[in-house]
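Overview (structure and organization)
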Amino acid sequence: MNRIKINRLLRSKIPMNQVLVNGWVRTRRDSKGFSFIEVNDGSCLKNIQIIAASNLPNYDEIQRLTTGSAVSISGSLVPSQGKGQSWEITAARILVIGQAPETFPLQKKRHSDEYLRTIAHLRPRTNKYGAVFRIRSELSYAIHTFFRDRGFRYIHSPIITGSDCEGAGEMFRVTTLDIKNPALKDRGLDASQDFFGKEVSLTVSGQLSAEMFALALGDVYTFGPTFRAENSNTRRHAAEFWMIEPEMTFCDLSENMNLGEELIRYLISHVLRECREDMELFGNFVDKTLMETLNHILSSDFVRLPYAEAVEILKTSKVSFDYPVTYGIDLQSEHEKYLTETHFKKPVILHDYPKTIKPFYMRLNADQQTVAAMDILVPGIGEIVGGSQREERLNVLEARMGEMGLLKENYWWYLDSRRYGSAPHSGFGMGFERLIMMITGITNIRDVIPFPRTPGNIDF
RNA sequence: UCCCCAGUAGCUCAGUAGGUAGAGCAAGUGGCUGUUAACCACUUUGUCCGCGGUUCGAGUCCGUGCUGGGGAGCCA
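Residues numbered from 1 in each chain as written. Chains lettered and ligands numbered in written order. Predicted model: local features only at pLDDT ≥ 70, side-chain atom pairs only at ≥ 80, totals over all residues. Heavy atoms only, no water.

Observations regarding the protein's contact with RNA strand B
The criterion, for reference: Any residue with at least one heavy atom within 4 Å of a molecule or strand is counted as near it. By the criterion applied in these results, polar contacts are pairs of N or O atoms within 3.5 Å in which, for protein atoms, one can donate a hydrogen and the other can accept it, and in which residues neighboring in sequence qualify only through two side-chain atoms. Secondary structure elements are defined from DSSP: runs of H or I of at least 4 residues count as helices, runs of E of at least 2 residues count as strands, and each element is numbered from the N terminus. Charged means Asp, Glu, Lys or Arg here, nonpolar means Ala, Val, Leu, Ile, Met, Phe, Trp, Tyr, Cys or Pro, and polar covers whatever is left, Gly included.
Near RNA strand B there are 51 residues, and of these Lys83, Glu88, Ser232, Thr234 and His237 occur at the shortest range. Expressed as a percentage, the sugar and phosphate content of the atoms of RNA strand B within 4 Å of the protein is 47%. Here a base oxygen of RNA strand B sits 2.8 Å away from a polar atom, N or O, in the side chain of Gln85. Separating a sugar or linking oxygen of RNA strand B from a backbone N or O atom of Val385 is a distance of 3.3 Å. Secondary-structure elements contributing two or more residues to the surface near RNA strand B are strand E1 (16-31), strand E2 (34-40), strand E3 (48-53), helix H3 (113-118), strand E13 (240-249), strand E17 (382-389) and strand E18 (425-431). Along the lines of polarity and charge, the residues of the surface near RNA strand B split into 11 nonpolar, 22 polar and 18 charged.

Here you go:
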């Protein structure tokens, strides 16, 4: 007898004999002459109801089944006599595969997200977290589909990197030196004795690699884990997270923004279509305004606003900000919040920032003061995408590096790309977890990644 | 790293002006029932986060540490 997953059984149009269901008991109720068992196998949000008649040979054992136990049921799929479900299974045989003692931490009631974080190894067995991780999986698939349909190639950029100059923030050092007795030199680790013969770290971005491949394969993207050793303690930051980084040659900032906007819309509509049931859970129990918000994002164009105009809007807003706004500052969370949640009430793409607050690789505009940068800000999350048109002119790039005190020697291969057949190109990074937060309405990044890594927390 | 808040039964929480601890759910027993977060009755459960202090007496006040949450910064 072949096992059939519950999502298929519940979609059945006809009764079926001889079906086999494997899963975990969510709850059990006794009635006169039989027991109702609700089983979930992770294939969908819904459980299937099993009717276990008291004449089953192991009925005593069945009555002791507790929430969390693994079971294997064979029987027939029949129309339900009760309300609340269209199909149920009349069990011919029930095998207890793995009993869960009463110490099983998940009860058939709501638990707080904080508590569930302390049992991150068991939380995917709840409705909400099962739904989050099915959606996460579906989104990953959709990302590949989106890019593949548009002729992009998927690049596996390295996780271990020797460029300590990837730009974005503190990095995790990788070493095979004996920590208790390391090779030392000049009062520090002797990196020349280390595995790679130099200091290496976990990547903070695949961008530099992606640029090289964009200048060969045209349109490429990376989708992989990223590591930041920042001591960030917020609901939006994790030390290990996933990022999607497309990079396109012969593409300017405006086309870059188009792609970012198109990608976000595509992913939302994909999930609304393919994960309807799971999404309803979030709309009903996590954020009552979720569907409205997502439909609004689908139906209206994102605002495109030059940094200078954003500053003007903020200055004339009559809102007293903790951080006063002047041209040249990096916008604070409260400013971004005001723009997306109060002023425009929709996603905003800010672009053309002052060069002084952006990295060296962003393309210098004709005004010599701003760079072709763009950030996509969404209500509730803040920055979800950060990108730019890259500086493709060797002399300008070298001058910018000089201004910022970066050594050309460390970037020799990066600069080579501008030396040999350089071409305009653009790209961005999108935080995968932040995207999931936006789509599910979940407000803490620790609840959309299987085993979150944050400062001082790596228990699982 | 900084600011604010919280930490009471397995879980969610209440605990009034400091007088020595309670509810719901879970678990156990019995009953009822094509039930569906089933229902009804009864029963069990606590170093009130740790340490120190004030007090005749501290879950309640003070100090300190730890843990968790929210906000800020850094950013995706």
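Side note on helix H12 (residues 412-419)
Rules: Type-normalised accessible area, obtained with a 1.4 Å probe on protein chains alone, sets the label of each residue: buried when under 20%, exposed when over 50%, and partly exposed for intermediate values. Each direction from the helix axis to a C-beta atom contributes to the arc, which is the arc of those directions. Contacts: residue pairs with any heavy atoms within 4.5 Å of one another.
Along H12, the residues that are buried comprise Tyr414, Leu415, Ser417 and Arg418. In a view along the axis of H12, the buried residues occupy a sector of 140°, so they form one face of it. Packing partners of the buried residues in H12 comprise helix H5 (207-217), helix H11 (394-403) and E18. Phi turns positive one or two residues past the end of H12, at Gly421, with a value near 65°.

A word on the domain arrangement of chain A
Our working definition: Each domain's extent is set by a domain assignment, obtained either automatically or from a database. Computed with a 1.4 Å rolling probe, the buried area is the accessible surface lost when two parts are put together, summed over both parts. Here a salt bridge means any side-chain nitrogen of Lys or Arg lying within 4 Å of a carboxyl oxygen belonging to Asp or Glu.
Partitioning chain A into domains gives domain 1 (6-98) and domain 2 (125-169 + 204-447). Relative placement of domain 1 and domain 2: their C-alpha centres are 46 Å apart. At the junction of the two partners, domain 1 supplies 8 residues and domain 2 supplies 7 residues. The contact between domain 1 and domain 2 buries some 650 Å² in all, and 41% of this surface belongs to carbon and sulfur atoms. When the buried surface of domain 1 facing domain 2 is broken down by residue, Arg26, Leu45 and Lys46 rank first, second and third, together holding 70% of it. On inspection of domain 1 and its partner domain 2, the count reaches 1 salt bridge. Here Lys46 and Glu277 are joined by a salt bridge, their closest N and O atoms 3.2 Å apart.

Focus: the sheet that holds strand E7 (residues 160-161)
Note the cut-off: For two strands to be treated as a pair, DSSP must find at least two bridges joining them.
Spatial strand order, E7-E11-E8: 3 strands in an open sheet with antiparallel pairing. A strand with exactly one partner marks an edge of an open sheet, and here the two such strands are E7 and strand E8 (173-174). The pairing of E8 with strand E11 (residues 200-202) spans 2 bridges and is antiparallel. Each bridged residue has a counterpart across the sheet, and for Arg173 the counterpart in E11 is Ser201.

With respect to the layout of surface pockets
Put simply, the test is: A 1.4 Å probe that fits into a set of points on a 1 Å grid over the protein atoms alone but cannot get out defines a cavity; an open set with protein on both sides within 12 Å along at least five of seven lines defines a pocket, and lining residues are those with an atom within 4 Å of a point. Grid points are joined across faces, edges and corners, and a volume is the space filled by probe spheres set on the points.
The volume enclosed by the second largest pocket comes to roughly 860 Å³. Forming the walls of the second largest pocket are 36 residues, and the residues nearest its centre are Arg26, Arg125, Thr126, Asn127 and Lys128. When residues of the lining of the second largest pocket are traced back to their parent elements, those giving at least two are E1, E2, H3, helix H4 (127-149) and helix H7 (276-286). Per element, the largest residue contribution to the lining of the second largest pocket is 6 residues, and it comes from H7. Of the residues that constitute the lining of the second largest pocket, the class distribution is 12 nonpolar, 13 polar and 11 charged.

Topic: the packing of aromatic side chains
Applied cut-off: Each Phe, Tyr or Trp ring (for Trp, its six-membered ring) is paired with any other whose centre lies within 6.5 Å, and the angle between the two planes then decides the class: stacked below 30 degrees, edge-to-face above 60, tilted in between. Note on geometry: a ring has a charge over it if NZ (lysine) or CZ (arginine) is within 6 Å of the ring centre and within 35 degrees of the ring normal.
This model, assessed by the stated rule, comprises 17 aromatic pairs. Judged by centre distance (5.7 Å) and plane angle (85°), the rings of Phe321 and Tyr338 are edge-to-face. Here the residue Phe321 occupies a position in the loop between helix H9 (307-315) and helix H10 (333-343), and Tyr338 occupies one in helix H10, the gap between them amounting to 17 residues. Seen from their ring centres, Phe360 and Tyr411 are 5.2 Å apart, and the 70° between their planes marks the pair as edge-to-face. Here Phe360 is found in the loop between strand E15 (348-354) and strand E16 (370-378), whereas its partner Tyr411 is found in the loop between H11 and H12, with 51 residues between them in sequence. There is no split in this pair, since Phe360 and Tyr411 are both buried. Here a set of aromatic residues connected by ring pairs shows up, and it is made of Phe146, Phe147, Phe152, Tyr154, Tyr221 and Tyr266. Positioned above the aromatic ring of Tyr266 is the side chain of Arg150, whose terminal nitrogen or guanidinium carbon lies 5.6 Å from the ring centre. Above the ring of Tyr353, the side-chain terminus of Lys358 is found at 4.2 Å from the ring centroid.

A word on the side chain of Thr340
Along the chain, the position of Thr340 falls in helix H10. Not counting the four nearest positions on each side in its chain, Thr340 is found in contact with Lys345, Lys346, Val348, Leu377, Val378 and Pro379.

Side note on the environment of Ala52
Mapping Ala52 onto the fold places it in strand E3. Separated by 279 residues in the primary sequence, Ala52 and Leu331 place their C-alpha atoms 62 Å from one another.

Focus: a nonpolar patch on the surface
The following threshold applies: Think of a patch as exposed residues, more than 30% relative accessible area, with no salt bridge, where like charges cluster within 9 Å and nonpolar side chains (Val, Leu, Ile, Met, Phe, Trp, Tyr) cluster within 5 Å. Each accessible area value is a Shrake-Rupley result obtained with a 1.4 Å probe; residue values ignore everything except the protein chains displayed when judging cover.
A contiguous nonpolar patch, built from Ile159, Ile160, Phe195 and Phe196 and spanning about 400 Å² of accessible area, is present on the exposed surface. Judged by relative accessible area, which is 34%, Ile159 ranks as partly exposed.

Quick word on the pattern of salt bridges
Inspection of every chain in the model, using the stated rule, returns 24 salt bridges. Residues Glu392 and Arg363 are paired through a salt bridge, measuring 2.8 Å at the closest nitrogen-oxygen approach. Of this pair, Glu392 sits in the loop between E17 and H11 while Arg363 sits in the loop between E15 and E16; the two residues are 29 residues apart in sequence, bridging distant segments of the chain. Residue Glu391 is joined to Arg393 by a salt bridge in which the shortest nitrogen-to-oxygen separation is 2.7 Å.

Some details on the side chain of His335
Assignment of secondary structure puts His335 in helix H10. Within the local environment of His335, its side chain forms a polar contact with the backbone oxygen of Tyr323, the two atoms lying 2.8 Å apart.

Side note on the nonpolar core
In plain terms, the rule: For the purposes of this section, nonpolar cores are sets of buried Ala, Val, Leu, Ile, Met, Phe, Trp, Tyr and Cys residues that join through side-chain atoms within 4.5 Å.
Core analysis: the biggest nonpolar cluster contains 60 residues, and Met430 and Met438 have the highest contact counts within it. The leading source of residues in this core is H4, at 10 residues. In contact with Met430, not counting residues within four places along its chain, are Trp242, Met243, Ile244, Leu263, Ile264, Leu267, Ile384, Val385 and Leu435. Core analysis: the second largest hydrophobic core is formed by 29 residues, Leu305, Leu331, Leu364 and Leu415 among them.

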